[in-house]
Amino acid sequence: MKKNFLKSFTKRKLIIQITNKKKIETLIKKNKINIYCGFDPTAESLHLGHLIPLITIKRLIKYGYKPNILIGQTTSIIGDPSFKNKKRKEQKTKKILTYTKKINKQILSFFHKYENKIKIFNNNHWFKKIKILFFIKNIGQNFSINQMLNKESIKIRNKNKEGITFSELSYNIFQSYDFAYLFKKYNINLQIGGSDQWGNITSGIYLIKKLYKKESFGITLPLMTKKNGYKFGKTDNKTLWLNHKKTTPYEFYQFWLNIPDEQTFTLLKQLTFIKFKQIKKIKNKKNIILAKKILAKKITKIVHGKKKLKKVILISKILFNYLKNNKFNKHNFEYLFKQKISKTKIKNEKNIKEILILTKLAQSKNQAKNLILNNSISLNNKKITDTNYVIKTEDKIFNKFSFICKGKKLFHLINWIF
């Protein structure tokens, strides 16, 4: 039986905007709400910015729903200009097709226990059958250019010197048609998405009203944001990918241990299935480190599974033991080097600045020099203050390994080869 998810979603701070809440509640009682969420395959993996929608879909499954997921193969070719201050890099159709297959596989893997509880669509299925003149005349005529340009998601881009292209502006119409098609063909009447998708969602609702004289609905979810307020995306230098080959489970786990304190309990509500009473108990302990560890464990388990979480925890214990007691055995090093942590094989002795560049802890010799002068670099738990320091034999533990640490938590393992 389907349950009313709105109360729980509100409590978990998952609803940013919603259309006609009372009507949605009425339709939930009548078992007449069907939901979809879309993902554009603009990279070979989903990333941190997709985590709230993905976990929300899983939450809906637990409430008895069978959510629909749309992979926007066609819309990815255009690129969503919403809240972008410059034009997206154009993607080749072949690349998008490859990304589509990988994202489809990744979504199935994420919902591996609930494969029969979700349905995946690809909008190329209907767009490849539509003739351009039909689309412009019958769909495009319903949209006012002035209204489209006045949407908040487009205003930012339009203020830019280069403005916005016709193809980018048409993205809004294409995504609106997705909603209208799913509404007509499969009776899907509620779209959910990130808060940056509000303009696209409401346009879909508008198009359904124009074409079929019926009401549909939308809910937007919070965005995962960085300290500067910008959302996480695939173009960031430090994108946190959900694919373990692109971002290791250890790096993923460490990210959650280092989030701002003030975000911890909100994310416990939004990204885990911990009950409110338990979250309250965790909060009452006033131990923010414990709260972050619980968050890190829960999310890593959801994304990467139980086995990878166990390995991550073991790696963390080994590194903590080394950092605190400087105790290490050869087996520890051999184990770490087999794991997916930051590591590099290096030949011969090197200057510390070269080491930092080779390990990608610094991008240039000048940056490496500044890190050393700021006391940010340690070698085998020993601070390096000499910018011209050269690796010595005694710096090679078991004549094979060294540890470089940037700051307090960014470890990099070096395996010396001869």
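Residues numbered from 1 in each chain as written. Predicted model: local features only at pLDDT ≥ 70, side-chain atom pairs only at ≥ 80, totals over all residues. Heavy atoms only, no water.

### Digging into the side chain of K292
And step 1. When you line up the elements, K292 lands in helix 16 (residues 288-304).
And step 2. Take K292: its relative accessible area is 9%, and that puts it in the buried class.
And step 3. Side-chain polar atoms of K292 contact the side chain of D261, separated by 2.7 Å.
And step 4. Apart from the residues within four sequence positions on either side, K292 is in contact with W256, L257, I259, P260, D261 and T264. (Helix = DSSP H or I, 4+ residues; strand = E, 2+ residues; numbered from the N terminus. Buried < 20%, exposed > 50% of the residue type's maximum accessible area, 1.4 Å probe, protein only. Polar contact = N/O pair within 3.5 Å; in protein donor to acceptor, adjacent residues only side chain to side chain. Contact = heavy atoms within 4.5 Å.)

### Overview of the nonpolar core
And step 1. Grouped together as the largest cluster of nonpolar side chains are 69 residues, with contacts concentrated most on F5, L51 and W256.
And step 2. Once residues within four sequence positions are removed from consideration, W256 is found in contact with L48, L51, M224, L267, L271, K292, L295, A296 and I299.
And step 3. Core analysis: the next-biggest nonpolar cluster, separate from the first, contains 25 residues, L169, Y177, I201 and I208 among them. (Core = buried A, V, L, I, M, F, W, Y, C linked by side-chain atoms within 4.5 Å.)

### Examining a positive patch on the surface
And step 1. There is a patch of like positive charges on the surface, built from K62, K113, K298, K301, K306 and K310.
And step 2. If you list the elements that add at least two residues to the positive patch, you get helix 16 and helix 17 (306-325).
And step 3. Within the secondary structure layout, K113 lies in the loop between helix 5 (93-110) and strand 4 (119-122). (Patch = residues over 30% accessible without salt bridge, like charges linked within 9 Å, V, L, I, M, F, W, Y side chains within 5 Å. Areas by Shrake-Rupley, 256 points an atom, 1.4 Å probe, with all protein chains shown as cover. Salt bridge = Lys/Arg side-chain N within 4 Å of Asp/Glu carboxyl O. Lys, Arg positive; Asp, Glu negative; His and termini not counted. Charge placed at Lys NZ, Arg CZ, Asp CG, Glu CD.)

### Thoughts on helix 2 (residues 21-29)
And step 1. For helix 2, the complete set of buried residues consists of I24, L27 and I28. Across the axial projection of helix 2, the buried residues extend over an arc of 105°, all falling on one side. Facing away from the buried surface of helix 2 by more than 90 degrees, the exposed residues are K22 and K29.
And step 2. Next to the buried residues of helix 2 lie helix 1 (6-11), strand 1 (17-18), strand 5 (190-194) and strand 6 (217-221). (Arc of directions from axis to C-beta.)

### Observations regarding the packing of aromatic side chains
And step 1. Scanning the entire structure with this criterion turns up 17 aromatic pairs.
And step 2. Aromatic pair F5 and F9: ring centres 4.9 Å apart, planes at 55°, arrangement tilted. By the burial criterion, F5 is buried, and F9 matches it.
And step 3. When the centroid spacing of 4.7 Å and the interplanar angle of 50° are considered together, the rings of F121 and Y186 count as tilted. Of this pair, F121 sits in strand 4 while Y186 sits in helix 11 (residues 171-186), and the two are 65 residues apart along the sequence.
And step 4. Residue classification places F121 among the buried residues on the basis of a relative accessible area of 8%.
And step 5. The structure contains a cluster of three or more aromatic residues connected by ring pairs, namely W126, F127, F135, F174, Y177 and Y181.
And step 6. The ring of F111 has K58 sitting right over it, with the charged end atom 5.8 Å from the ring centre.
And step 7. Sitting above the plane of the W241 ring, K246 keeps its charged end 4.5 Å from the centroid. (Phe/Tyr/Trp six-rings, centres within 6.5 Å; stacked < 30°, edge-to-face > 60°. Lys NZ or Arg CZ within 6 Å of the ring centre and 35° of its normal.)

### Some words on unusual backbone geometry
And step 1. Residues other than glycine seldom take positive phi values, yet N20 does so here, at roughly 45°.
And step 2. Relative to the assigned elements, N20 resides in the loop between strand 1 and helix 2.
And step 3. Since its relative accessible area comes to 37%, N20 is described here as partly exposed.
And step 4. The phi torsion at N375 lies on the positive side, around 60°, for a residue other than glycine.

### A closer look at the environment of E44
And step 1. Turning to its location among the elements, E44 is positioned in the loop between strand 2 (35-39) and helix 3 (51-62).
And step 2. By relative accessible area, which is 31% here, E44 ends up partly exposed.
And step 3. Separated by 59 residues in sequence, E44 and I103 have C-alpha atoms that sit 6.5 Å apart.
And step 4. Excluding residues within four positions of it along the chain, E44 makes contact with Y99, K102, I103 and K246.

### Points about the pairing of strand 11 (residues 410-417)
And step 1. Where burial is concerned, most of strand 11 is hidden: six out of the eight residues are buried.
And step 2. When strand 7 (residues 343-347) meets strand 11, the two strands line up parallel, connected through five bridges. Counted as the bridge partner of K343 is L413 from strand 11.
And step 3. As paired elements, strand 10 (residues 401-406) and strand 11 share six bridges and run antiparallel to each other. (Pairing = 2+ DSSP bridges.)

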